[in-house]
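# Understanding the architecture of this molecule
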Amino acid sequence: MSLAEPQSRFFRPDRALLIQAAVALATLALVLGPLVPVLWQSLLDRPLYEAEPLFSLDNYVRLFGNPRFHDALGNSVLLALLSTLIATVLGVAFALFLERTDMPGRGWLRNLTLWPMYVSQLVLAFAWFILYGPSGYVTLAVERMAGVPLWDMYTILGMGLLAGTSQAPVVYLFCSSSARMADATLEDAARSVGAGPLRALWSVSLPLMRPSIIYAALLTFIGSLEMLAVPLVFGKPVGLEFFTTFLYMEGLGAITPDYGLIGAAATLLLVVISILLVIQGLLLRQSKRFVTVRGKAQRPKLAPIGRVGWVVCGLMCLYTAIVLLLPLAGIVLRSVTSFLTPLMSPFDLLTLDHFEILFGYEAYRRSILNSVFIAAFGGALATLFVAMVALVAHRSEFRFRRVLEFVALYPRAMPGIIAGIGMFWAMLLLPFAHVLQGTIWLLILAFTMRGIPMAFGALSPTLHQIGRELDQGARSVGADWWTTVRVIILPLMKPALFSAYVLLFLAFLKEYAAAVFLFAPGAEIIGTTMLTFWTNGSTGPVAALSVIQLAITALFVTLARRSLRTNKDV
């Protein structure tokens, strides 16, 4: 079969260049679309849709003179530092014990450790509130036995515990590969001079993981700064202000939103996160000093830790039960009871009323269907789009491919709530954009923009592994760039495409922060409906919706894992 396309006698524009330029322009529009209105609004003296605006720095002056913003800034930094410390300590410890030692139960503990990543932070926050909140089931039960409350989730320490434990799997994921590939001969050398297994892990393996730890810690810090669910559920009731809740309340809680103040605060948050990403890059420039995998063959070897392994296994089981299993069991129980209290048996309070409410009203049913459609169909569209971006960035001679890669990765610095604000303002400014307002297509666009770096990261390693001689061979028989990537490269990318789709499906299903400014009647999703119920104090339907989202997630993860095991193509 020849890959060469039939040649026309007449002039025909370069098909490859047209496709590459179209992909680059679409990426630029998708990323700059919400970014430019935010920056623009921060410099205007009136809402950006009003006529004859004047440039001014007054929004920044008012922002820095606002005592509420001072509190929000201080609380956000404190919460981010605390949750980063907790997540890093836990994630690194998980990586060392699960990947470098022979502790029992490593296989199933790995899977359990990763599960908080699959669950929406909004669901986790609601689950912790139902169990460990001031009126939570476990809180009241322990208070009855001890006589005094032993903890308070309405504090930065309490929120830091939840935020840190929910992000520990991310740190574990980034550090696990580094721990797995560590050179065992270095640990053997430490043991030969008298170091015990734990001392060898501390003195040898842990320092070698420094690049992964730095990367994961900064990622966690950024994730904590842009977190909305935990501050909204535990901070707002007691008046604790954070960066994201400040934006949320100024945008949705105020009768007349102060667009200038929102634009200035959002711009400041973007600048802070962008600086952190630059620092992350600078800190990782010396990562070559930590290379341990070289040309010399080495066998993976686990450190024997004896009885200590059983102790660590028991502690991890207890941790998983407290952090994940009990809260999820609590939210399932709350979804089928009229209320949950240790003073009465839950079996006397069983009801299906909350599910009847959800399935009895069209708007609530629609929010579930919309979420599934956006995750399934929107995730597929986003996967194909990001695949084209990755192909242009890594497998083409496009002049601006390096710029395209930078633009594609920049949404890492854009929190979901700012993406939502920016998209909302872009719809007010752009001609013909009003046709997207209040539709699920606008949500798909916003979620796709947020998901580009994640899917790009899943696809790039595979493209680096596919040899360029395949491209050169196809070109030598007359195939152009598009024919080469369509017939040869894309089929070889099937496993990476499937992984990217799984990541995007789960991210789209969980996303809510970008949607709070964009949804309208007809375009509700599970996250926005949960927030509406929560604002009205209806915890039962919130729990029922959480259970439905958990069921969809569990079903999808199970099917995805089964596909990976049985289908060699993916």
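Report on the accompanying structure. (Residues numbered from 1 in each chain as written. Predicted model: local features only at pLDDT ≥ 70, side-chain atom pairs only at ≥ 80, totals over all residues. Heavy atoms only, no water.)

### Comments concerning the overall build of the chain
Looking only at helices and strands, the chain features 24 helices and 0 strands. For the chain, the C-alpha radius of gyration of 25 Å lies close to 25 Å, the compact-globule estimate for 570 residues. Oriented by its inertia axes, the alpha-carbon framework of the chain measures out at about 90 × 75 × 50 Å. Taking all 570 residues of the chain together, the buried fraction comes to 51%. Accessible area of the chain: about 26600 Å², with a carbon and sulfur share of 67%. (Helix = DSSP H or I, 4+ residues; strand = E, 2+ residues; numbered from the N terminus. Rg over C-alpha atoms; globule rule 2.2 N^0.38 Å. Buried < 20%, exposed > 50% of the residue type's maximum accessible area, 1.4 Å probe, protein only. Areas by Shrake-Rupley, 256 points an atom, 1.4 Å probe, with all protein chains shown as cover.)

### Quick look at the environment of Pro304
Secondary-structure assignment places Pro304 in the loop between helix H13 (259-283) and helix H14 (307-335). Residue classification places Pro304 among the partly exposed positions, given a relative accessible area of 48%. Pro304 sits 131 residues away from Val435 along the chain, and the two C-alpha atoms are 63 Å apart. Discounting chain neighbours no more than four positions away, the residues touching Pro304 are Asp102 and Pro197. (Contact = heavy atoms within 4.5 Å.)

### A word on the packing of helix H17 (residues 401-409) against helix H19 (residues 440-465)
Two quantities define a packed helix pair, namely the angle between the axes and the distance from one axis to the other. Contact pair H17 / H19: the axes reach a minimum separation of 7 Å and the direction vectors enclose 120 degrees. Classified by the angle between their axes, H17 and H19 sit oblique to one another. Across from Glu405, Ala408 and Leu409 in H17, the residues of H19 making contact are Ile452, Pro453 and Phe456. Here the residues of the contact of H17 with H19 sort into 5 nonpolar, no polar and 1 charged. (Axes fitted to C-alpha atoms, helices over the stretch in contact; angles between N-to-C directions. Parallel < 35°, antiparallel > 145°, perpendicular 65-115°, else oblique. Nonpolar A, V, L, I, M, F, W, Y, C, P; charged D, E, K, R; others polar.)

### Section: unusual backbone geometry
Despite not being glycine, Glu52 has its phi angle at roughly 50 degrees, a positive value. Here Glu52 is to be found in the loop between helix H1 (15-42) and helix H2 (58-64).

### Observations concerning empty space enclosed by the protein
Inspection of the entire model under this criterion finds 3 cavities of 30 Å³ or more. Here the largest cavity is characterised by a volume of approximately 70 Å³. Considering the residues around the largest cavity, the lining is formed by Phe94, Leu112, Thr113, Pro116, Thr165, Ala168, Pro169, Tyr319, Thr320, Val323 and Leu324. Only helix H4 (106-118), helix H7 (156-180) and H14 provide two or more residues apiece to the lining of the largest cavity. The element that contributes the greatest number of residues to the lining of the largest cavity is H14, accounting for 4 residues. Its residues assigned to classes, the lining of the largest cavity comprises 8 nonpolar, 3 polar and no charged. By volume, the second largest cavity amounts to about 40 Å³. As for the second largest cavity, its lining consists of Ser76, Leu79, Ala80, Ser224, Leu225, Met227, Pro231, Phe242, Phe243 and Thr244. (1 Å grid on protein atoms, 1.4 Å probe; cavity = no way out; pocket = protein on both sides within 12 Å on 5 of 7 lines; lining within 4 Å. Points joined across faces, edges and corners; volume = space filled by probe spheres on them.)

### Observations regarding the packing of aromatic side chains
On inspection of all chains with the given rule, the structure shows 25 aromatic pairs. An angle of 75 degrees between the planes, with centres 5.5 Å apart, marks the rings of Phe69 and Phe243 as edge-to-face. Of this pair, Phe69 sits in helix H3 (residues 67-100) while Phe243 sits in helix H12 (residues 243-253), placing them 174 residues apart in sequence. Each member of the pair, Phe69 as well as Phe243, carries the same accessibility label: buried. Here the aromatic rings of Tyr259 and Trp425 are separated by 5.4 Å at their centres, their planes lie at 50 degrees, and the arrangement is tilted. Linking Tyr259 in helix H13 with Trp425 in helix H18 (residues 416-429), this pair joins segments that are 166 residues apart in sequence. Judged by its relative accessible area of 13%, Tyr259 falls in the buried class. One aromatic cluster is present, built from ring pairs that chain together Phe126, Phe129, Tyr154, Phe234 and Trp534. (Phe/Tyr/Trp six-rings, centres within 6.5 Å; stacked < 30°, edge-to-face > 60°.)

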